[in-house]
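Take a look at the letters that make up each chain.
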Amino acid sequence: MIIALNNKCNLTKQEFLKYQEELGKISTKNKVILCPTFLNISHFDLNNVELGAQNVSSNEQGAYTGEVSAQQLQSEQVKYCIVGHSERRKYQQETDEEINQKIIRLLECNIVPILCVGETKEEREKQLEKNIIEKELKKALENLTDEQKEKTIIAYEPIWSIGTGIIPTNNQIKEMFQTIKQLLPNNKVLYGGSANEENVVLLKEIEEIDGYLLGGLSLKPEKLKVFIEKLKN
Ligand code: PGA
């Protein structure tokens, strides 16, 4: 299983150093990927965890104030990078075309993209959820070779579930995973959206799930430990 931790815009340097100590105590055979803020990437110092980022520039380098390039991430030993998170699509108006460029930049630098897709509550009410994620997947992976596509990890994150405490039913998740796996049979697919140490008992019944993308829970090492233990049993 893959357990990707999205710290989002949290943890000062001091808080991050303390947090890392706690994270370092969790022992697991799962692949844990920590995605801190760009600044905290340079303070990363864990052996049992892989390093990820939360975003990357769609440009290789140059006059793009405030951006961080894939090459720069690579030079910090970043191995994974989240792209197309719904918060960036919403607050930074990130488009499918930009997300596609970001994925290309990452693959050029041997960084594995973790591509987030998911529908809003309104889209689900209109039963558009499958169309939405199919469109997001196709556009984000346009012009990639099959080999490049297969390297990308997909994270299905229903937007109405992120940070809300509400999770879809197991059947709803299964249906969405099957839709993704029909299009991309060889890709790893994660579930994200209010996954926690309690609902993991239900979630782990879904055999299509290859791992999790955790936001809120990533900030609580004690609860994260329980999550990982329950996943195993
Ligand atoms: P959450 O966030 O676990 O806090 O719902 C998940 C995410 O946004 O990646």
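Please refer to the structure placed before this passage.
Residues numbered from 1 in each chain as written. Predicted model: local features only at pLDDT ≥ 70, side-chain atom pairs only at ≥ 80, totals over all residues. Heavy atoms only, no water.

Novice: Even after reading the chapter, I still don't get the site of the ligand, so can you show me in this structure?
Specialist: All residues adjacent to the ligand are Asn6, Lys8, His85, Glu157, Ile162, Gly163, Gly193, Ser194, Leu213, Leu214, Gly215 and Gly216. In the environment of the ligand, an oxygen atom lies 2.7 Å from a nitrogen or oxygen atom belonging to the side chain of Lys8. Here an oxygen atom of the ligand and a backbone polar atom of Gly216 are 2.8 Å apart. Coverage of the ligand by the protein amounts to 95% of the 280 Å² it exposes when considered alone. Classifying every residue of the shell around the ligand by side-chain character gives three nonpolar, seven polar and two charged. (Near = heavy atom within 4 Å. Polar contact = N/O pair within 3.5 Å; in protein donor to acceptor, adjacent residues only side chain to side chain. Areas by Shrake-Rupley, 256 points an atom, 1.4 Å probe, with all protein chains shown as cover. Nonpolar A, V, L, I, M, F, W, Y, C, P; charged D, E, K, R; others polar.)

Novice: Looking at this structure, how should I read the sheet that holds strand 2 (residues 31-35)?
Specialist: What links the strands of a sheet is backbone hydrogen bonding, and the strands pair in either a parallel or an antiparallel sense. The parallel closed barrel is built from eight strands, whose spatial order is 1-2-3-4-5-6-7-8. The mean inter-strand angle of the sheet, taken between neighbouring strand axes irrespective of direction, is 25°. Pairing of strand 6 (residues 153-156) with strand 7 (residues 189-192) involves three bridges; the strand directions are parallel. Bridge pairing in strand 7 links Ile154 to Val189. (Pairing = 2+ DSSP bridges. Helix = DSSP H or I, 4+ residues; strand = E, 2+ residues; numbered from the N terminus. Axes fitted to C-alpha atoms, helices over the stretch in contact; angles between N-to-C directions.)

Novice: Can you walk me through the environment of Ser27 in this structure?
Specialist: Here Ser27 shows up in the loop between helix 1 (13-24) and strand 2. Overall, Ser27 belongs to the exposed group, its relative accessible area being 66%. (Buried < 20%, exposed > 50% of the residue type's maximum accessible area, 1.4 Å probe, protein only.)

Novice: Explanation requested: the pairing of strand 6 in the structure shown.
Specialist: On any regular strand, side chains alternate: one points to one face of the sheet, the next to the other face. Here strand 6 shows no split at all, with Ile153 and Ala155 on one side and Ile154 and Tyr156 on the other all buried. Bridging between strand 5 (residues 112-117) and strand 6 involves four bridges; their strand directions are parallel. Its bridge partner being in strand 6, Leu115 is matched across the sheet by Ile154. In this view, the connection linking strand 6 to its parallel neighbour strand 7 by way of helix 9 (residues 170-183) has right-handed handedness. (Right-handed = clockwise from strand over helix to strand, strands pointing away.)

Novice: Where do I start with the environment of Val112 in this structure?
Specialist: Mapped onto the elements, Val112 comes out in strand 5. Distance from Val112 to Cys81, taken between C-alpha atoms, is 6.3 Å for residues 31 residues apart in sequence. For Val112, the residues in contact, after removing those within four places along its chain, are Lys79, Tyr80, Cys81, Lys151 and Ile153. (Contact = heavy atoms within 4.5 Å.)

Novice: I tried to follow the environment of Leu23 on my own but got confused; where do I start?
Specialist: With respect to the helices, strands and loops of the structure, Leu23 is situated in helix 1. Assessed through its relative accessible area of 3%, Leu23 is described here as buried. Distance from Leu23 to Asn48, taken between C-alpha atoms, is 8.9 Å for residues 25 residues apart in sequence. In contact with Leu23, not counting residues within four places along its chain, are Leu5, Leu34, Leu46, Asn48 and Leu224.

Novice: What exactly am I supposed to notice about the packing of aromatic side chains here?
Specialist: Centre distance and the angle of the planes are the two values used to describe a pair of aromatic rings. Across all of its chains, the model carries four aromatic pairs by this definition. Considering the side-chain rings of Phe16 and Tyr19, the 6.1 Å spacing of their centres and the 35° angle between planes classify their relative orientation as tilted. Here Phe16 and its partner Tyr19 are both found in helix 1, three residues apart, which amounts to about one turn of the helix. Among the aromatic residues, ring-to-ring pairing joins Tyr156, Phe177 and Tyr191 into one connected group. (Phe/Tyr/Trp six-rings, centres within 6.5 Å; stacked < 30°, edge-to-face > 60°.)

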